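Here are the chains, one letter per residue:
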Amino acid sequence: MSRSLFIVLGFLLLFSLELVSARHFPRSCRTKGSASSSSSSVQAASTSVAAGTGSNNSNSTSSGSGSGSSSCFPALGFKMPSSTPSSTDNWWCAADTEYAFLGFSYEVTACQSASQLQKEFADIRNRFSSRYVRLYGACDKSGFYDDVVNAAWDNGLGVHALIWFGFDGGNQWETRRDSLISTLHSNPKAKFVTRVVQFGSEPLFDDVLSHSALASQVTSTKQKLADIGIPVTVSELAYGYQERGGAQDVLDAIDSINIHMLPFFSSKATTGSAAWPLVETDLNWFIAHGNGKKMYFDENGWPSVTSEGVQANSASAQANVGNEQGYFSLLDSHCEDLKKAPGGGVGWFAHIYSDSQEPGYGIYNTQGKTKFTFAPRTSC
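For the protein, the name recorded in an unreviewed UniProt entry is Glycoside hydrolase family 17 protein, with Hygrophoropsis aurantiaca as its organism.

Peer 1: Explain the overall build of the protein here, please?
Peer 2: Scanning the protein from terminus to terminus reveals 11 helices and 8 strands. Among the 380 residues that make up the protein, the fraction classed as buried is 58%. By element, 49% of the accessible surface of the protein is carried by carbon and sulfur atoms, the whole surface being about 13,800 Å².

Peer 1: What's the story with the environment of Q112 in this structure? I'm lost.
Peer 2: Relative to the helices and strands, Q112 is located in the loop between strand 1 (100–107) and helix 2 (114–126). Take Q112: its relative accessible area is 4%, and that puts it in the buried class. In the structure, Q112 is positioned 27 residues away from C139 in sequence and 8.6 Å away in space, judged by C-alpha atoms. With residues up to four places along the chain from it excluded, the contact list for Q112 reads Y106, E107, L117, K141, F144 and Q357. Within the local environment of Q112, its side chain forms a polar contact with the backbone oxygen of E107, the two atoms lying 2.8 Å apart.

Peer 1: Would you mind showing me how to read the pattern of salt bridges here?
Peer 2: In a structure, side chains of opposite charge can pair up when their charged atoms sit close to one another. All chains considered together, the criterion is met by 12 salt bridges. Its salt-bridge partner being E98, residue R195 comes within 3.8 Å of it at the nearest N-O pair. Residue R195 is located in strand 4 (residues 194–200), and its partner E98 is located in the loop between helix 1 (3–18) and strand 1; the two are separated by 97 residues in the primary sequence. Overall, the relative accessible area of 1% leaves E98 in the buried class. Notably, a salt bridge pairs D178 with R177, separated by 2.9 Å at the nearest N-O pair.

Peer 1: Mind showing me how you'd approach the nonpolar core here?
Peer 2: For soluble globular proteins, nonpolar side chains are generally found buried alongside one another. Within the largest apolar cluster, 100 residues are counted, with the highest numbers of intra-cluster contacts made by F121, Y241, F297 and F374. The contact partners of Y241, leaving out residues within four places of it in the chain, are L204, V234, E236, G246, A247, V250, L251, I254, W285 and F286.

Peer 1: Looking at this structure, I do not really get helix 4 (residues 172–186). What am I missing?
Peer 2: Along an α-helix, residues three or four positions apart point the same way, because every turn accommodates 3.6 residues. Helix length check: helix 4 (15 residues) gives 21 Å between terminal C-alpha atoms against 21 Å at 1.5 Å per residue, within 8%. Elements in contact with the buried residues of helix 4: helix 3 (144–155), strand 3 (158–164), helix 5 (190–193), strand 4 and helix 6 (211–225).

Peer 1: What am I meant to see in the sheet that holds strand 4 here?
Peer 2: The strands making up a sheet are joined through hydrogen bonds of the backbone, oriented either antiparallel or parallel. Strand order in the closed barrel formed by 8 strands is 1-2-3-4-5-6-7-8, and the pairing between neighbours is parallel. Between one strand axis and the next, the sheet turns by 25° as a mean value, whatever way the strands run. By the bridge criterion, 5 bridges tie strand 6 (residues 257–261) to strand 7 (residues 295–300) in an arrangement that is parallel. The partner of I257 across the bridge, within strand 7, is M295.

Peer 1: Hey, could you run me through the state of the cysteines in this one?
Peer 2: Joining two cysteines, a disulfide is a covalent bond between their sulfur atoms. If you walk through the whole model with that rule in mind, you get 3 disulfides. The disulfide that involves C72 links it to C93, with 2.1 Å between the sulfurs. Judged by the torsion about the S-S bond (90°), the C72/C93 disulfide is right-handed. One end of the pair, C72, is in the loop between helix 1 and strand 1; the other, C93, is in the loop between helix 1 and strand 1, with 21 residues separating them in the sequence. Owing to a relative accessible area of 0%, C72 belongs among the buried residues under this scheme. Note on cysteine connectivity: C111 is disulfide-linked to C139, with sulfurs 2.0 Å apart. Between C111 and C139 the sulfur-sulfur dihedral comes to about 110°; the bridge is accordingly right-handed. Remark: C139 occurs in the loop between strand 2 (132–136) and helix 3 and C111 occurs in the loop between strand 1 and helix 2; sequence separation between them is 28 residues.

Peer 1: It is not clear to me how the packing of helix 2 against helix 3 should be interpreted in this structure. Could you clarify?
Peer 2: Axes are the key here: two packed helices are described by the angle between their axes and the distance separating the axes. Contact geometry for helix 2 and helix 3: axes closest at 9 Å, N-to-C directions at 35°. For the pair helix 2 and helix 3, the crossing hand works out as right-handed. Within the contact between the two elements, helix 2 uses A114, L117, Q118, F121, A122 and R125 and helix 3 uses F144, D147, V148, N150, A151, A152, D154 and N155. Classifying every residue of the contact of helix 2 with helix 3 gives 8 nonpolar, 3 polar and 3 charged.

Conventions adopted
- Residues numbered from 1 in each chain as written.
- Predicted model: local features only at pLDDT ≥ 70, side-chain atom pairs only at ≥ 80, totals over all residues.
- Heavy atoms only, no water.
- Helix = DSSP H or I, 4+ residues; strand = E, 2+ residues; numbered from the N terminus.
- Buried < 20%, exposed > 50% of the residue type's maximum accessible area, 1.4 Å probe, protein only.
- Areas by Shrake-Rupley, 256 points an atom, 1.4 Å probe, with all protein chains shown as cover.
- Contact = heavy atoms within 4.5 Å.
- Polar contact = N/O pair within 3.5 Å; in protein donor to acceptor, adjacent residues only side chain to side chain.
- Salt bridge = Lys/Arg side-chain N within 4 Å of Asp/Glu carboxyl O.
- Core = buried A, V, L, I, M, F, W, Y, C linked by side-chain atoms within 4.5 Å.
- Expected span 1.5 Å × (residues − 1).
- Pairing = 2+ DSSP bridges.
- Axes fitted to C-alpha atoms, helices over the stretch in contact; angles between N-to-C directions.
- Disulfide = S-S within 2.5 Å.
- Left-handed = near helix turned anticlockwise from the far one by under 90°.
- Nonpolar A, V, L, I, M, F, W, Y, C, P; charged D, E, K, R; others polar.

Structural data, given as structure tokens:
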């Protein structure tokens, strides 16, 4: 390790111990109030992002480089077959190709029509060179996930599916879980586009389930999906784990680590373009506790406006378009660093596709215009 890297890591350790985790105020069922990011790390990372191993995740079955070989799904040059293959063997791109920009979080509370899904998934793939959509929220309309699967297949996109808990308690999430599992088995295209199933969002932070109960849910769902080879994870903040004593049982149970990265809410936040130390603090915590698993930033962004559930915890943090753009430009500039992380590098999503889905976080505004030029790298 170089002397300069040692100094940086020492600074990050001291910095992380000073951070104060900010609580959020849940909004309505339609949009979730974004929670704190860059929270207090309780232990120094044993392996930093700048010294990651870049090893492959066991769930990946084919190799490639950059944004993926054209012979694997969902590489940008991949041509979808006319019918489903006989199995998923050698179907998915390798973990070490799934770093840099991957795609968008996409809220489905509006229960978009099949035609709207087709139109917007085509835009996500073709205009922005996305490989994935990460679902957010829930639509309980019968057959909706079939529409998602069909739109993803038709447009060459993979899907990070979500079992949504919501904010009002109750057990509706169990029905959503069972419905999703059923569709994943019944739709012949589902296992070819569904990369992972997530429990979320932020079940630990929101105290929906104890960490032991959540770990049991992950393990049970993995068993139910083992025959079709779909991994299972939890969509969560670093602080969600940390406030539960690390919740190592959950980290051990999940197949990949799907991270909420929202540095705007840190008490140390300043600008989007200066957020790298906050990002790296949380990332290094996951590296230290994640046993080399593949990592994604899925609920990941900086708001351009505040709202009832989106308020800064630092006087220096401003919600505006310039800072939203600055944050994504920052991630793009650290492509080489994120590529070095264990598990094949960190792939990141932009949260969220449009302001019409969640105010302030969209790349599109509510008039359907992009708020700024958005063309991040998909490889480096």
